[in-house]
Amino acid sequence: MSLVDAPSYKASSTPIKSTTLPAEAYVLSIASLPSYYAASASSPSNAIHFFDKARLQNVQTLPGHESSITTLRYVPNVANAVTHALLSSGKDGTVKVWDERSGSVALRMTASAAGTARGLLSCDVSADGMTIAAGTELQGDDASILYWDPRNPAAPLRVHSSTHSDDITALHFFRPTSSSMPHTGNLLLSASSDGLICTSNADEVDEDEAGVHVGNWGCSIAQAGWLHDRAGRPAAWASSDMETFSVWTTELDRVQDADIRQPSVHRQDLTWVTDYLIGCHNASNPIGDADNDLCLFAGSNEGDVALITRPTFSDRSVPWLLHRTWTGGHVGVVRAALWDERNNVLLTGGEDSKLNVWTAQQPETITSPGKPKRGNDMDPMDVDEDGDISSRKRRRA
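Residues numbered from 1 in each chain as written. Predicted model: local features only at pLDDT ≥ 70, side-chain atom pairs only at ≥ 80, totals over all residues. Heavy atoms only, no water.

(A) Examining the overall build of the protein more closely. When its secondary structure is counted, the protein shows one helix and 33 strands. Counting the 397 residues in the protein, one finds 56% classified as buried. Restricting to contacts in the protein with at least 6 residues of sequence separation, those with at least 24 account for 53%. For the protein, the exposed surface amounts to about 16,100 Å²; the carbon and sulfur share of it is 45%. (Helix = DSSP H or I, 4+ residues; strand = E, 2+ residues; numbered from the N terminus. Buried < 20%, exposed > 50% of the residue type's maximum accessible area, 1.4 Å probe, protein only. Contact = heavy atoms within 4.5 Å. Areas by Shrake-Rupley, 256 points an atom, 1.4 Å probe, with all protein chains shown as cover.)

(B) Focus on the pattern of salt bridges. Summed over all chains, the structure comprises 12 salt bridges. Arg-267 is paired through a salt bridge with Asp-5; the nearest N and O atoms lie 2.8 Å apart. Pair noted here: Arg-267 is in the loop between β25 (264-266) and β26 (271-273) and Asp-5 is in strand β1 (residues 3-12), with a separation of 262 residues, a long-range link. Residue classification places Arg-267 among the partly exposed positions, given a relative accessible area of 35%. Note that Asp-259 and Arg-261 form a salt bridge whose closest N and O atoms lie 3.0 Å from each other. The class for Arg-261 is partly exposed, based on a relative accessible area of 38%. (Salt bridge = Lys/Arg side-chain N within 4 Å of Asp/Glu carboxyl O.)

(C) Seen up close, the nonpolar core. By size, the foremost hydrophobic cluster in this structure holds 20 residues, and its most contacted members are Phe-245, Ile-308, Phe-313 and Leu-322. Among the elements that take part in this core, strand β28 (residues 294-299) stands out by supplying three residues, more than any other. Every residue in contact with Phe-313, bar those within four places of it in the chain, is listed here: Leu-227, Phe-245, Val-247, Val-255, Gln-256, Asp-291, Asn-292, Leu-294 and Trp-320. Judged by nonpolar contacts, the second largest core, of 18 residues, contains Ala-85, Val-95, Ala-134 and Leu-146. (Core = buried A, V, L, I, M, F, W, Y, C linked by side-chain atoms within 4.5 Å.)

(D) Structural context of the sheet that holds strand β23 (residues 244-248). Across the sheet, four strands lie side by side as β21-β22-β23-β24; this open sheet has antiparallel pairing. Strand pairing shows two members of the sheet lacking a second neighbour, β21 (221-228) and β24 (254-259), which therefore form its edges. Each strand of the sheet is rotated relative to its neighbour by a mean of 15 degrees, with strand direction disregarded. (Pairing = 2+ DSSP bridges. Axes fitted to C-alpha atoms, helices over the stretch in contact; angles between N-to-C directions.)

(E) Representation of the side chain of Glu-207. When you line up the elements, Glu-207 lands in helix α1 (residues 207-210). Among the residues examined, Glu-207 registers a relative accessible area of 16% and is labelled buried. A polar side-chain atom of Glu-207 sits 2.9 Å from the main-chain amide nitrogen of Ser-161. Setting aside residues no more than four positions away along its own chain, Glu-207 makes contact with Val-159, His-160, Ser-161, Ser-162 and Thr-163. (Polar contact = N/O pair within 3.5 Å; in protein donor to acceptor, adjacent residues only side chain to side chain.)

(F) Highlighting the confidence of the model for the protein. Chain-level statistics for the protein give a pLDDT mean of 91 and a share of 89% at 70 or above. Of the regions scoring below 50 in pLDDT, residues 368-397 engages in 73 contacts with residues more than four places distant in sequence or in other chains. (pLDDT = per-residue confidence, 0-100.)

(G) Structural view of the pairing of strand β5 (residues 48-52). For β5, the buried fraction is high: five of the five residues fall into the buried class. Where burial is concerned, the two faces of β5 agree: the one with Ile-48, Phe-50 and Asp-52 and the one with His-49 and Phe-51 are both buried. Bridge count for strand β4 (residues 36-41) against β5 is five bridges, and the pairing is antiparallel. Among the inter-strand pairings, Tyr-37 is bridged to a residue of β5, identified as Phe-51. By the bridge criterion, four bridges tie β5 to strand β6 (residues 58-62) in an arrangement that is antiparallel. Counted as the bridge partner of Ile-48 is Leu-62 from β6. Counting the residues that bridge the hairpin from β5 to β6 gives five residues, and of these Leu-56 lies at a positive phi of roughly 60 degrees.

Below you can see the structure in the form of structure tokens.
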């Protein structure tokens, strides 16, 4: 396993804008709204700050949650009632949908059992805006996925408690990237500290019938998400608490498994060593001749950030590519990275309370080492062609 700098590699050492969160709070997550950037702050603040995109000035502060904020993301539509919304979840057991224009809570959902709040670690909204899912911490013997109809937010539609047996750390609905993709229903990807990565039919009431596929990594999963090939067909990625990284087929068969800290560059003119994964991004177009849209943002203990891709996951001999580094903007661990491709900037936030904006155009088209598969070649991340997820059988690990 190797890492090489791409022919179009660039380095940046000075952010174009920078600001600091109040009270020395960590920047936990960043989201991009049409008019503002939003950043969530660590405890004891647990606030959400809106920043003007042009000047990076703090224009509004929302009360956020009563305890740690665990999710912050932009959603274009919720129940055809709230557009350009901000979605957040917290360990206070609430999911909140914020109206960008008013800065107020448009919808609030609460997870509780016997009157006690159940801490939430993850949440998402379906592509049609009609389903909200949230994943709980382990409480007693149960960790649950809760589903709400946002038109009736008072209580969950259903609770699935056997999909996972430990903290549910990631939830992501599949969002088709191509109009030519077959209808997949409400396909939900979930990951947990129990080592399982699962896909479920979020429209299915019976939990025994809701499961589509299961993959068992055998280690605690910290992050997970979707990636897509050039035809828009989905696969999945996951990262562990031990900084290992894996890629899975749509059927959740593991394609690759690697220590994210191993690929490194050591030369007199360039050195990069990854200490941890900050997060992943789905590029609007695959970079160069890559057969997938996955971009990894890696961090160093010194506070530097790198953009790394893998041209293909179907050939283990193909090296990882180092496209960009952003150095000198942070001190210590970087917690969040958001690539705003529309405005050609990268936002980073860290434990030093800083929120930085950097120049970040998509790398130029390149010819990468090794040749990914093309056309009608068999790809290990091929999706089932059956279309509707209700027709697929669950695989058990």
